[in-house]
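Survey of secondary and tertiary structure
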Amino acid sequence: DIVISNSFGNAEDLLTNFNVPQTKMKVIHNPISIERISTIEPKKTMFDSESFNIITLGRLDIGKNHEMLIRSVHQLQNPSVRLYIYGYGDLESYLQQLIDELKLNEKVKLMGFDPNPYQYLKSADLFIFGSNHEGFPNVLLEAMACGLPILTTNCQSGPNEIMKLKEVKNDLMITDYGILVPIKNTDLMAKGIKYFMENPDYSDKCKLNGSKRVLDFEKNQILKEYLEIIKTA
């Protein structure tokens, strides 16, 4: 009777490639429990306050493209940058070998899986995301709820919807919540990191705007959208 997609990008895919009738298609984004996240205390001793601490979460697989993030840090050659990668997956050995080869052991750390990443998100300076493709990346919402500015690829789909991107460019795409870059672009990802480091006022504005934007995805708000569709079906 109804097909509900978690992003407009996924909905378009279903309409175009799977011939789902337009009349049956609805979009409701994924929810997030802001209340639960707000109760978690930051682990302030985790990171060096003298460094620019970047964090990412996700499976260590090709789709998440952690290799691009690592190479972006290497390209910057900035002694202040630190990248902490949380997650596990098939590419762990490969990524560690890459870190060793690029002599980034002091700058890039594979942290493994942690069931409570929010304590680290709340203590970092920037959330970075290198995915080649997504359906709807809840992790961006989680980072916003933890008060972080966002640097992400403009992968299909989700990030541009969450961050209200107005114009696609082959360059930095600056929004009120953070920056998007084209997928698989190491140069622009490095440029994005540098932009955040050189513009702390912009980072502060992204934190404030993100904390407001994430309210649109709060679980009770999303529940209301489901109930409204059920009532009117």
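The model shown is predicted, which means the values in this text are computed figures rather than measured ones. (Residues numbered from 1 in each chain as written. Predicted model: local features only at pLDDT ≥ 70, side-chain atom pairs only at ≥ 80, totals over all residues. Heavy atoms only, no water.)

1. Some remarks on the pattern of salt bridges
Put simply, the rule is: Definition used for salt bridges: Asp or Glu carboxyl oxygen within 4 Å of a side-chain nitrogen of Lys or Arg. Burial classes: relative accessible area under 20% of the type maximum marks a residue as buried, over 50% as exposed, and values in between as partly exposed (1.4 Å probe, protein chains only).
Following the criterion strictly, the structure yields six salt bridges and no others. Arginine 59 is the salt-bridge partner of aspartate 61, the closest N and O atoms lying 3.0 Å from each other. The exposure class of arginine 59 is exposed, given its relative accessible area of 52%. A salt bridge links aspartate 204 to lysine 207; its shortest N-O distance comes to 4.0 Å.

2. Observations concerning helix H4 (residues 92-101)
Operational definition: Helix and strand assignments follow DSSP, with helices taken as H or I runs no shorter than four residues and strands as E runs no shorter than two, numbered in order from the N terminus. Note that the arc is computed from the directions linking the helix axis to the C-beta atoms. Whether two residues are in contact is decided by their heavy atoms, any of which lying within 4.5 Å being enough.
Buried within H4 are the following residues: Leu95, Leu98 and Ile99. Looking straight down H4, one finds its buried side chains confined to an arc of 100°; they lie on one side. Facing away from the buried side of H4, by more than 90 degrees, are the exposed residues Ser93 and Glu101. Summarising the contacts, the buried residues of H4 are in contact with helix H3 (66-76) and strand S5 (108-112). Phi turns positive one or two residues past the end of H4, at lysine 103, with a value near 55°.

3. Some words on the packing of H3 against helix H8 (residues 186-198)
Inclusion rule: Where helices are involved, their axes are fitted lines through C-alpha atoms of the stretch in contact, as for all axes, and angles between N-to-C directions lie from 0 to 180°. Handedness of a crossing follows from how the near helix is turned relative to the far one, being left-handed for an anticlockwise turn of less than a right angle and right-handed for a clockwise one. Polar here means any residue outside two lists: the nonpolar Ala, Val, Leu, Ile, Met, Phe, Trp, Tyr, Cys and Pro, and the charged Asp, Glu, Lys and Arg; Gly therefore counts as polar.
For the pair H3 and H8, interaxial distance at closest approach is 8 Å and the crossing angle is 60°. Pair H3 / H8 crosses with right-handed handedness. When H3 is examined against H8, the residues Met68, Leu69, Arg71, Ser72, Gln75 and Leu76 are found in contact with a partner set consisting of Thr186, Asp187, Met189, Ala190, Ile193 and Lys194. In the contact of H3 with H8, the residues fall into six nonpolar, three polar and three charged.

4. Some points on the nonpolar core
Inclusion rule: Side-chain atoms within 4.5 Å are what join buried Ala, Val, Leu, Ile, Met, Phe, Trp, Tyr and Cys residues into a set we call a nonpolar core.
Ranked by internal contacts, the top residues of the largest apolar core, which has 32 residues, are Ile55, Leu121, Phe127 and Ile162. Broken down by secondary-structure element, the contributors of at least two residues to this core are helix H2 (34-38), strand S3 (52-57), strand S4 (81-86), helix H5 (118-121), strand S6 (126-129) and helix H6 (138-145). With five residues, H6 is the largest single contributor of residues to this core. Not counting the four nearest positions on each side in its chain, leucine 121 is found in contact with Ile55, Leu57, Phe127, Glu142, Ala143, Cys146 and Leu148. Core analysis: the next-biggest nonpolar cluster, separate from the first, contains 28 residues, Leu60, Ile128, Leu188 and Phe196 among them.

5. Digging into the sheet that holds strand S9 (residues 178-181)
Quick note on the threshold: Here, a strand pair is defined by DSSP locating no fewer than two bridges between the strands.
If you walk across this open sheet you meet the seven strands as S5-S4-S3-S6-S7-S9-S8, and the pairing is mixed. The sheet terminates laterally at S5 and strand S8 (173-174), the two strands that pair on one side only.

6. Some words on the pairing of S9
The pairing of strand S7 (residues 150-153) with S9 spans four bridges and is parallel. Counterpart to leucine 151 in the pairing with S9 is isoleucine 179. Relative to S9, S8 is paired through two bridges, and the arrangement is antiparallel. Residue pairing in the sheet places methionine 173 in a bridge with leucine 180 of S9. Remark: three residues form the turn of the hairpin made by S8 and S9, two consecutive strands paired antiparallel.

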